[in-house]
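Architecture at a glance
Residue-level listing of the chains:
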Amino acid sequence: MLYDIKLHLHYDYAAAAGGGRHQVRVMPQTIAGVQRVIAASLSFQPKPAERADFSDFFGNNVTSIAFRDAHDTLDIRMSARVSVSRPDPGLDVSPDISGLKSELDLVRSLSPAAPHHFLAASDHAAIDAAITAYARESLAGSAVATAVDLCNRIHRDFTYDGKATTVQTRASDAFALKRGVCQDFSHIMIAGLRGLGIPAGYVSGFLRTIPPKGKPRLEGADAMHAWVKAWCGRDAGWQEFDPTNGMRASNDHITVGYGRDYSDVAPIVGVLKTTGGQAGEQAVDVIPVAA
């Protein structure tokens, strides 16, 4: 699939900011055998006094910006053309949990993709006894079958509610509520898999949404999405699952970044020299392009 993607982040500050420094992670990345970025651009208004583009430890595209002059709004615009062609997952060749641990013990690498980084508790996805007990009900022979079952159960058992949680909500709190958004469902699945001994991480990106039959597609109605990657053994490797929709990641999923949880791939983090609060808006367009 070929897509044109547009993202607009807008922030209004209650009082003019006298300065600020931010890191922005919204640019899709090229992933060998999965995704190719054909062209991309990222702009800011007002124009920052400093800008640096680099890759972080996990290989995500990061833009660091700094402002010195007073400003009461910030606009971030990203556009990209991306080709996605995910390989078919094929037959399930993953081991059971016991076999997975044995294979994990043989991994001697600490490269960014090494599963060891994704096994311990993290800020938004601590290992929680209640979540682990819930995940244990999904044990289904192989690591892949377990992840698929847990993904489907979260989709079935939890209610999508954009007002129930915030970006600061932890997995345990969303689990208790039994409601939330894609970020929350991903954190719950990550915490559950880690509790079982399956390395799991957070994927930030975009999802093409298809309007109801006969209805026009709404410009800017989409938002950034999140799903889960799980290490399912030496032969199966990393597999990706979308618990919000109860499915494996498909060619409709466009990856921006990977991390241990939302904290590693938040679209924007930073500091402001100001007083009062701020309000933000997000609009995303994921438009299929005829080949």
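Residues numbered from 1 in each chain as written. Predicted model: local features only at pLDDT ≥ 70, side-chain atom pairs only at ≥ 80, totals over all residues. Heavy atoms only, no water.

An unreviewed UniProt entry lists the protein chain under the name Transglutaminase family protein, with Mesorhizobium montanum as the source organism.

With 37 residues, the main nonpolar core has Leu150, Ile154, Phe158, Ile188, Met189 and Leu193 as its most contacted residues. Listing elements by their share of this core, those giving two or more residues are α1 (97-105), α2 (129-136), α3 (143-157), α4 (171-177), α5 (182-196), β9 (200-207), β10 (225-231) and α6 (262-265). At eight residues, the largest contribution of residues to this core is made by α5. (Core = buried A, V, L, I, M, F, W, Y, C linked by side-chain atoms within 4.5 Å. Buried < 20%, exposed > 50% of the residue type's maximum accessible area, 1.4 Å probe, protein only. Helix = DSSP H or I, 4+ residues; strand = E, 2+ residues; numbered from the N terminus.)

Taken in spatial order, the four strands of this open sheet run β3-β6-β1-β15, and their pairing is antiparallel. Since the sheet does not close on itself, it has two edges, and those belong to β3 (35-45) and β15 (278-288), each with one partner. Along the sheet, successive strands turn relative to each other by an average axial angle of 10°, direction set aside. Where strand β1 (residues 2-17) meets strand β6 (residues 71-84), twelve bridges bridge the pair, whose relative direction is antiparallel. In the sheet register, Tyr3 faces β6, and the bridge partner there is Val82. (Pairing = 2+ DSSP bridges. Axes fitted to C-alpha atoms, helices over the stretch in contact; angles between N-to-C directions.)

The next thing to look at is the pairing of strand β11 (residues 238-242). Burial of β11 is extensive: four of the five residues sit out of reach of the surface. Relative to β11, β10 runs antiparallel, the two sharing four bridges. Within β11, the residue paired with Val228 across the bridge is Phe241. Pairing geometry for β11 and strand β12 (residues 247-248), over two bridges, is antiparallel. Paired with Phe241 across the strands is Arg248, a residue of β12. A loop of four residues connects β11 with β12, the two strands running antiparallel in sequence, and Gly246 in this loop sits at a positive phi of about 60°.

This next bit is on the sheet that holds β11. Neighbouring strands of a sheet are bound in pairs by backbone hydrogen bonds; such pairs are parallel or else antiparallel. Judged by pairing direction, the sheet is antiparallel, and its five strands sit side by side in the order β12-β11-β10-β9-β13 without closing on themselves. Each having just a single partner strand, β12 and β13 (253-259) make up the two edges of the open sheet. Relative to β10, β9 is paired through six bridges, and the arrangement is antiparallel. Its bridge partner lying in β10, Ser204 is registered against Ala226. Seen against the sheet, α3 touches β11 and β12 and runs at an angle of roughly 15° to β11. Packed on one face of the sheet, α5 meets β9, β10 and β11 and runs near 15° to β10. (Contact = heavy atoms within 4.5 Å.)

For α2, the complete set of buried residues consists of Ile131, Thr132, Tyr134 and Ala135. Projected down its long axis, α2 carries its buried residues within an arc of 160°, all on one side. Looking at the packing, one finds that the buried side of α2 touches α3, α4 and α5. Where α2 begins, one side-chain oxygen reaches toward the backbone nitrogen of Ala130, 2.9 Å away; that side chain belongs to Asp128. (Arc of directions from axis to C-beta. Polar contact = N/O pair within 3.5 Å; in protein donor to acceptor, adjacent residues only side chain to side chain.)

So, about the packing of α2 against α5. The N-to-C vectors of α2 and α5 enclose an angle of 80°; their axes lie 8 Å apart at closest approach. Classified by the interaxial angle, the pair formed by α2 and α5 is roughly perpendicular. Together, Ile131, Thr132, Ala135 and Arg136 of α2 and Ile188, Ala191, Gly192, Gly195 and Leu196 of α5 make up the contact between the two elements. Broken down by class, the residue content of the contact of α2 with α5 amounts to five nonpolar, three polar and one charged. (Parallel < 35°, antiparallel > 145°, perpendicular 65-115°, else oblique. Nonpolar A, V, L, I, M, F, W, Y, C, P; charged D, E, K, R; others polar.)

Relative to the elements of secondary structure, Asp161 occurs in the loop between β7 (159-160) and α4. Polar contacts involving the side chain of Asp161 include one to the side chain of Arg179, which spans 3.0 Å. Non-local contacts of Asp161, meaning those with residues more than four positions away in its chain, are made with Arg179, Gly180 and Val181.

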